[in-house]
Amino acid sequence: MTIQTVSTNKSHGGIQGVYKHASRETKTDMTFSVYVPPHPAGAKLPVVYYLSGLTCTHANVTEKGEYRDTCADLGLIFVAPDTSPRGEGVPGDPAGAYDFGLGAGFYVDATQEPFAQNYRMWSYVTQELPQLVAANFPVDPVRQSIMGHSMGGHGALTVALRHPNRYRAASAFAPIVAPSQVPWGTKALGGYLGDDRSAWRKHDTVALIEDGARFSDLLVDVGDADPFLAEQLRPELLQQACANAQIPLLLRRQEGYDHSYYFISTFMSDHLRWHAARLTA
């Protein structure tokens, strides 16, 4: 599983790298970043996967997430993929909107044309990328966790709920918890998966929980000044679903914080320490 090194930089004693490879799932080149903290030779380290939100690439969290100091302290590998396939011939939103198509893969495997060939982000983040990371970096395959922001929070929570024995921890910043019930989600799920709403449920955190999916416990932060809170994020729906299913949920409403990386970077260390406690137990 060959990767091409785009760049490497030393940071907090470890190596922040950016890599590229030809993806079998998206049939495009895909770029992702990996931070490997300082560690003894031969050690296998726990790994945290981070899924980004609408319009983002790997670069947003890599440059603004402020995770390396904590990852170096805790001995965590941090992996950040792109949010969609890209390149010549990859279809985007016909109107050029930011919330569908390029930069907005929504972590599903599309079934509708013209997106079905390339938009296979579910299989990419749950199968191809972990295999690639395991083949090229010193990860412990039994100590994995996942987190994300906004659309990526949606992705992280749905991935964890559908693979509860693979991931030891899952958390999210400002996740889209019920995409079947909000404008961003209905546009994306309808465009990628078609009009049959029953097919959407396996990519909807609240619906998955209603249908019996379970996870050990969840951490979610939202900012009470987030402009998308009431219409797109709907954290109260997750709170109710978890209460009904008896899933422990720590939902924190952070006063004055918005949807940006100023918010994410403020609470990134909290999330990583929460993950580390479960990855090292």
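Residues numbered from 1 in each chain as written. Predicted model: local features only at pLDDT ≥ 70, side-chain atom pairs only at ≥ 80, totals over all residues. Heavy atoms only, no water.

Asks: Would you mind going over the sheet that holds strand S6 (residues 139–149) with me for this structure?
Replies: The strands that make up a sheet are held in pairs by hydrogen bonds between backbone atoms, and each pair lies either parallel or antiparallel. Pairing is mixed across the open sheet formed by nine strands, whose spatial order is S1-S2-S3-S5-S4-S6-S7-S8-S9. Among the strands making up the open sheet, the edge pair consists of strand S1 (4–11) and strand S9 (249–254). Put simply, the sheet's adjacent strands are angled 20° from each other on average, direction ignored. Seen against the sheet, helix H4 (residues 151–162) touches strand S4 (45–51), S6, strand S7 (167–173) and strand S8 (218–223) and runs at an angle of roughly 140° to S6. (Pairing = 2+ DSSP bridges. Helix = DSSP H or I, 4+ residues; strand = E, 2+ residues; numbered from the N terminus. Axes fitted to C-alpha atoms, helices over the stretch in contact; angles between N-to-C directions. Contact = heavy atoms within 4.5 Å.)

Asks: For this particular structure, what's the right way to read the packing of helix H3 (residues 121–136) against H4?
Replies: Working note: a packed helix pair is described by the angle between its axes plus the distance between those axes. Viewed as axis vectors pointing N to C, H3 and H4 meet at an angle of 60°, and their least axial separation amounts to 12 Å. The angle between H3 and H4 falls in the class oblique. Handedness of the H3/H4 crossing: right-handed. Taken together, the residues of H4 that come into contact with H3 (itself represented by Trp122, Val125 and Thr126) are Thr158, Val159 and Arg162. A class-by-class count of the residues in the contact of H3 with H4 yields three nonpolar, two polar and one charged. (Parallel < 35°, antiparallel > 145°, perpendicular 65-115°, else oblique. Left-handed = near helix turned anticlockwise from the far one by under 90°. Nonpolar A, V, L, I, M, F, W, Y, C, P; charged D, E, K, R; others polar.)

Asks: What is the right way to read helix H9 (residues 261–279) from this model?
Replies: For an α-helix the count is 3.6 residues per turn, leaving residues at separations of three or four pointing the same way. The sharpest bend along H9 comes to roughly 45°, located at phenylalanine 267. Along H9, the positions that sit buried rather than exposed are Tyr261, Phe263, Ile264, Ser265, Phe267, Met268, His271, Leu272, Trp274, His275, Ala276 and Leu279. Taking the backbone nitrogen of tyrosine 262 as reference, a side-chain oxygen 3.2 Å away marks serine 260 as the first, capping residue of H9. (Bend = angle between axes of the 7 residues up to and from the residue. Buried < 20%, exposed > 50% of the residue type's maximum accessible area, 1.4 Å probe, protein only. Polar contact = N/O pair within 3.5 Å; in protein donor to acceptor, adjacent residues only side chain to side chain.)

Asks: Looking at this model, I keep getting lost on the pairing of strand S3 (residues 29–36). Mind explaining?
Replies: On a regular strand, each side chain points to the face opposite its neighbour's, so the side chains alternate between the two faces of the sheet. Burial analysis of S3 places six of its eight residues in the buried class, the great majority of the element. Two strands pair when backbone bridges link them, and strand S2 (residues 14–22) and S3 are joined in this way by eight bridges, in the antiparallel orientation. Within S3, the position partnered with tyrosine 19 by the bridge is phenylalanine 32. The antiparallel pairing of S2 with S3 creates a hairpin that spans six residues between the two strands, and lysine 27 there sits at a positive phi of about 60°.

Asks: Where do I start with the packing of aromatic side chains in this structure?
Replies: Working definition: an aromatic ring pair is given by the centre-to-centre distance plus the angle between the planes. Throughout the structure, instances matching the rule amount to 15 aromatic pairs. Taking 5.5 Å as the distance between ring centres and 80° as the angle between the ring planes, the aromatic pair formed by phenylalanine 115 and tyrosine 119 counts as edge-to-face. For tyrosine 119, a relative accessible area of 0% puts it in the buried group. Relative to tyrosine 192, the ring of phenylalanine 115 lies with its centre 5.6 Å away and its plane at 90°, an arrangement referred to as edge-to-face. (Phe/Tyr/Trp six-rings, centres within 6.5 Å; stacked < 30°, edge-to-face > 60°.)

Asks: Even after reading the chapter, I still don't get the pattern of salt bridges, so can you show me in this structure?
Replies: For side chains of opposite charge, pairing can occur when their charged atoms come near one another. Considering all chains together, one arrives at 14 salt bridges under this definition. The shortest N-O distance in the salt bridge between arginine 143 and aspartate 140 comes to 2.8 Å. Of the two residues examined, arginine 143 and aspartate 140, each falls in the buried class. Its salt-bridge partner being arginine 278, residue aspartate 217 comes within 2.9 Å of it at the nearest N-O pair. Residue aspartate 217 is located in the loop between helix H6 (205–210) and S8, and its partner arginine 278 is located in helix H9; the two are separated by 61 residues in the primary sequence. Here arginine 278 falls in the partly exposed class, since its relative accessible area comes to 24%. Three or more residues are tied together by salt bridges with common partners; here these are Arg24, Glu25, Asp109 and Arg120. (Salt bridge = Lys/Arg side-chain N within 4 Å of Asp/Glu carboxyl O.)

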